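Chain residues, written in single-letter form:
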Amino acid sequence: MKAVSLISLAALSVATTAASAEEVSIWVRTSTAPILEELASRYNESHDDTIDVVPVVAEQMVPKLGAALAGGAAPAAVAMDLIYMPTFAAAGMLEDMTGFIDSLPYADALSPSHIRLGTYEGKKYGVPLTPDASVIVYNTDMLAEAGVDPASLETLEGIKDAAIEISALGDDTYGFMYVGNSGSWMVYDFMPHIWAAGDDILSEDGRTQTVDTPAMRETLQLYADMWAAGATHPTTRSGNGNAAVEAFASGQVGILMSGSYIVNLLTANYPDVAFNIAPIPGPDGGRATFAGGDDVTMVKGISDEKKALVEDFITFYLQPEQQVLITEMSGMPSRTDIADVAYADFDERNLIAYDVLKSGRTPYTYANDELFVSLTGPWLEMLETGIFDGDVDGAIETASDRFEQILKRTNP
Amino acid sequence: MSETAEAGPSPEEPPVVTREPHQWLGAALITPSLLFIGLLFLLPMGMTVWMSFHNWPLLGEPRFIGLENFSELMGDRRFWSSIRFTALYTVLVTSAIFLVAFPLALLVDRPLRIAGFFRTIYFMPVVIGFGAAATLWTWLLNPDNGVFAELLLRSGLVDAAPRPTESFWPALIVVILMVVWKQAGFTMVILLTGLQSVPDDVTEAAKIDGAGPLARFVRVTLPLMRNSIILALVLNVTWSMLAFDQFFIITQGGPRNSTVTAVFSIYLQSFSSYRLGYGSAMSLVLLVILVAISAMQMAIVNFRKAPE
């Protein structure tokens, strides 16, 4: 409702302002909205044109945008969760931005995963706005108390042993926690184990499934072992992201699967927690991360004036000054070449995530909601069967079939 | 109409003239509701039928595919298991509501001043929206900071906080408890009107004839309040067959998709897989099932009525 009234307000003001000053609306999911709003207000102060930010609830972004596009009432630009980029690009809904992106002097320093997801059939459709990377956060006091060397977290095997040791510290103490009931959280935090071992769940082009890999089997098994051993916090199975942060901050959990945002979140809200960050390992080593975040993209067919304004706004927020603001608010800059400037005043632990982001990955898929996000989708079903019921073989078999079926139907 | 004219005592009278504006007026008076039904029921219904013959994605062009959606639906294991689950839930929750609502109705059917107070208390949860009630219960059931877990732990009944939504029967049972808490009051009121419609002299007469309390209830009261029982039954069955909010919010379809109801699976296909055509086909099949169930219930009413 709020979004709708904002749109009509925006439409009204567009109609009444003189032709000289242009105005565009950018839709953004609510979690990224504060950053984009701050950037827009800085931009609007120093320019005649206006950027109008319209927050949309994350789960409603795809249906709302789909309906708006079908009804011809779409905004000029969208700050889109990068995982949906292939879907909208393949549907022919986005404006080709290849020329603009390649002309940027720092084109090579834009988060590679953001660019890859925003590329469809050789054309680029999006510019990174907010990157974030999944990482492990661990409680250094609890590791020390349990006699666990942080270096042992460099393999998932080592994490399992560490988790069991930490759980032995007390009745209400658990070694390990993640958000096991959310498909998108688990893509973010669980998938890097598979990537770290050199495997993947989908082919590079997102058209075929590769669910059944040795890394998937080993990872599921190790997670299942930790669950069976009681080393995993029991709320892992049904809790949400907030429950996980609370459990970690209150010292109930030694190792939490999390993301780069956690550094600024913990230092701001829980200054007493002694923690550190580590990259996510595979079963026997390696490291990987899920590169999440938003791409700014333009809706196909917008006027040249609006296009120029969006491009100008993008160039504006990619300047070092605004990159510092983005880093301050989200933990990471959109460019990979300005760490010294962006992090000068911030916690060094941010750099660990920043380091892995360069090699960050994101599944390239046309069926994200159906495969990974849906509460009843094959991804969550596989994790639930494999980890909490301990049936790894059955889980992988069912998931392979269901992935296959869905891909057959959704491939463009 | 010609009959009326012939039956009229004086053919000179111009009855047509007086009747014409009445017909006109009648049509005008029902236009708003016709428009209402047309725009909000028939048109969407027609759209649903039309969409069900298409591959209708959220993004991109719809494509006509004839009956393909329906033939896929016939072999859709997940849809049929959601129908089976909905049927199971309907039977259990309807029985549970009646088991609670009947004694409540008997309790508050007293000429005591305090009875009104209790009627209000039992009815109160009914006015809460289903979504709000389900959200409230999700919070109450939260194992880490919920009220139920805290009460059970403090009273020493359990050692660890129960996590009912993590296995099938406990998950189903907590949802049923929630729905009984929320809906029993409504069924109670319907049954109460039935109880109060039983004339006192009939019960009195049965008493004089020597019928005990149980016999009076089973042989006199129950048959006389049949209409309210049927009404309560039809409403409860229809609502339960359309259950969505309580499962969407409390169990989220888990564990392992075992508590996905029919409407939930329509929602998933339409708004999670964005297959609007397939979702429409599912809605139509559910509509047919619901009409069949209602027709069956109505047939039972008529069948029972006939011998009288």
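- Chain B goes by Sugar ABC transporter permease in an unreviewed UniProt entry, where it is assigned to Marinibacterium profundimaris.
- As stated in UniProt under Subcellular location (unreviewed entry), the record for chain B gives "Cell membrane".
- Word for word, the UniProt comment on chain B under Sequence similarities (unreviewed entry) is "Belongs to the binding-protein-dependent transport system permease family."

- The name an unreviewed UniProt entry gives chain A is ABC transporter substrate-binding protein, with Marinibacterium profundimaris as the organism.
- UniProt annotates chain A under Subcellular location (unreviewed entry) with the comment "Periplasm".
- Taken verbatim from the UniProt record of chain A, the Sequence similarities (unreviewed entry) comment is "Belongs to the bacterial solute-binding protein 1 family."

### A few points about the overall build of chain B
Next, step 1: Secondary structure summary: chain B contains 14 helices and 2 strands in total.
Next, step 2: Scaling as 2.2 N^0.38, a compact globule of 308 residues should have a C-alpha radius of gyration of about 19 Å, whereas chain B reaches 26 Å, well beyond that.
Next, step 3: Considered along the principal axes of its C-alpha atoms, chain B spans approximately 95 × 75 × 35 Å.
Next, step 4: Across the 308 residues of chain B, 29% fall into the buried class.
Next, step 5: By sequence separation, contacts in chain B at least 24 residues apart represent 68% of the contacts at least 6 residues apart.

### Structural notes on the UniProt feature "domain: ABC transmembrane type-1" (unreviewed entry) in chain B
Next, step 1: Residues annotated in UniProt with the feature "domain: ABC transmembrane type-1" (unreviewed entry) correspond here to residues 83–297 of chain B.
Next, step 2: For residues 83–297 of chain B, helix accounts for 75% and strand for 0%, while the C-alpha atoms at its two ends are 19 Å apart.

### Considerations on the interface of chain A and chain B
Next, step 1: Contact residues are listed per partner, giving 20 residues for chain A and 18 residues for chain B.
Next, step 2: Within the residue set of the side of chain A that touches chain B, elements represented by two or more residues are α3 (58–70), α4 (85–90), α18 (368–373) and α19 (378–388) of chain A.
Next, step 3: Here the side of chain A that touches chain B is composed, by residue class, of 8 nonpolar, 7 polar and 5 charged.

### Brief notes about helix α9 (residues 200–208) of chain B
Since there are 3.6 residues in each turn of an α-helix, residues three or four apart along the chain are aligned in direction.
Next, step 1: Among the 9 residues of α9(B), 0 are classified as buried, and the element is accordingly described as predominantly exposed.
Next, step 2: Two residues or fewer past α9(B), B:G210 is found with a positive phi of approximately 95°.

### As for the environment of A:P281
All names here are of chain A.
Next, step 1: One can find P281 in strand β10 (residues 280–282).
Next, step 2: Since 22 C-beta atoms lie within 10 Å of it, P281 is described here as buried.
Next, step 3: Residues P281 and T155, spaced 126 residues apart in sequence, show a C-alpha to C-alpha distance of 5.2 Å.
Next, step 4: Apart from residues lying up to four places away in sequence, P281 is in contact with E154, T155, L156, A196, G286 and R287.

### Some remarks on the packing of helix α11 (residues 214–228) of chain A against helix α20 (residues 392–410) of chain A
Residue and element names in this part refer to chain A.
Next, step 1: Running from N to C, α11 and α20 point in directions that differ by 135°, and their axes come no closer than 10 Å. Viewed along their axes, α11 and α20 adopt a mutual orientation that is oblique. Between α11 and α20 the crossing geometry is right-handed. Residues M216, R217, L220, Q221 and A224 of α11 form the contact with α20, whose own contacting residues are V392, A395 and I396.
Next, step 2: For the contact of α11 with α20, the class distribution of residues is 6 nonpolar, 1 polar and 1 charged.

### Here's the deal with the domain arrangement of chain A
Residue and element names in this part refer to chain A.
Next, step 1: Examined at the domain level, chain A breaks down into domain 1 (2–132 + 292–357) and domain 2 (133–290 + 366–410).
Next, step 2: For domain 1 and domain 2, the distance between their C-alpha centres works out to 29 Å.
Next, step 3: Contact with domain 1, which involves 19 residues of that partner, is made by 19 residues of domain 2.
Next, step 4: For the side of domain 1 that touches domain 2, the secondary-structure elements that each account for two or more residues are α4, β6 (126–139) and α17 (350–357).
Next, step 5: Here the residues of the side of domain 1 that touches domain 2 are counted per class, giving 11 nonpolar, 5 polar and 3 charged.

### Some remarks on the UniProt feature "transmembrane region" (unreviewed entry) in chain B
Residues and elements named next belong to chain B.
Next, step 1: Following the UniProt record, the feature "transmembrane region" (unreviewed entry) maps to residues 29–53, 87–108, 120–140, 168–192, 229–250 and 281–303 here.
Next, step 2: Measuring from the first to the last C-alpha atom of residues 87–108 gives 31 Å, for a span that is 100% helix and 0% strand.
Next, step 3: Span residues 168–192 is 100% helix and 0% strand, its end C-alpha atoms 34 Å apart.

### As for the confidence of the model for chain A
Next, step 1: Per-residue confidence for chain A gives a mean pLDDT of 88; residues scoring 70 or more make up 95%.
Next, step 2: Confidence over residues 1–19 of chain A falls short of pLDDT 50; this stretch has 11 contacts with residues more than four positions distant or in other chains.

### Regarding the environment of A:S111
Next, step 1: For A:S111, the location among the structural elements is in the loop between α5 (98–103) and α6 (112–117).
Next, step 2: With residues up to four places along the chain from it excluded, the contact list for A:S111 reads A:P128, A:P131, A:A291, A:S334, A:T336 and A:L357.

### Quick notes on the pairing of strand β11 (residues 285–288) of chain A
Next, step 1: With 2 bridges connecting them, β10(A) and β11(A) associate as antiparallel partners. Note that in β11(A) the partner of A:I280 across the bridge is A:A288.

### A word on the nonpolar core
Residues and elements named next belong to chain A.
Next, step 1: Of all hydrophobic cores here, the largest spans 134 residues; its most connected members are I26 and I136.
Next, step 2: Element by element, the count of residues in this core is highest for α11, at 8 residues.
Next, step 3: Of the residues that make up this core, three or more belong to each of domain 1 (2–132 + 292–357) and domain 2 (133–290 + 366–410).
Next, step 4: Apart from residues lying up to four places away in sequence, I136 is in contact with L153, I255, M257, S258, I277, A278 and I280.

### Section: the confidence of the model for chain B
Note: predicted coordinates in regions of low pLDDT should not be interpreted at a detailed level.
Residues and elements named next belong to chain B.
Next, step 1: Averaged over chain B, the pLDDT score is 86; the fraction of residues at 70 or greater is 91%.
Next, step 2: Scored below 50 in pLDDT, residues 1–8 shows 4 contacts in the model against residues more than four places distant or in partner chains.
Next, step 3: Scoring of the predicted complex yields 0.80 for pTM and 0.73 for ipTM.

### Some points on unusual backbone geometry
Residue and element names in this part refer to chain B.
Next, step 1: Here Q252, not a glycine, exhibits a phi torsion of approximately 55°, which is positive.
Next, step 2: In this fold, Q252 is placed in the loop between α12 (245–251) and α13 (262–271).
Next, step 3: Classification of Q252 as buried rests on a count of 21 C-beta atoms within 10 Å.
Next, step 4: At Y274, a position not held by glycine, the phi torsion is positive, near 55°.
Next, step 5: Among the secondary structure elements, Y274 is positioned in the loop between α13 and α14 (276–305).

Parameters and conventions
Residues numbered from 1 in each chain as written. Chains lettered and ligands numbered in written order. Predicted model: local features only at pLDDT ≥ 70, side-chain atom pairs only at ≥ 80, totals over all residues. UniProt positions renumbered as here; feature names shortened; annotations may be inferred. Helix = DSSP H or I, 4+ residues; strand = E, 2+ residues; numbered from the N terminus. Rg over C-alpha atoms; globule rule 2.2 N^0.38 Å. Buried ≥ 20, exposed ≤ 12 C-beta atoms within 10 Å, placed from the backbone. Contact = placed C-beta atoms within 7 Å. Nonpolar A, V, L, I, M, F, W, Y, C, P; charged D, E, K, R; others polar. Axes fitted to C-alpha atoms, helices over the stretch in contact; angles between N-to-C directions. Parallel < 35°, antiparallel > 145°, perpendicular 65-115°, else oblique. Left-handed = near helix turned anticlockwise from the far one by under 90°. Domains from an automatic or database assignment. pLDDT = per-residue confidence, 0-100. Pairing = 2+ DSSP bridges. Core = buried A, V, L, I, M, F, W, Y, C linked by C-beta atoms within 7 Å.

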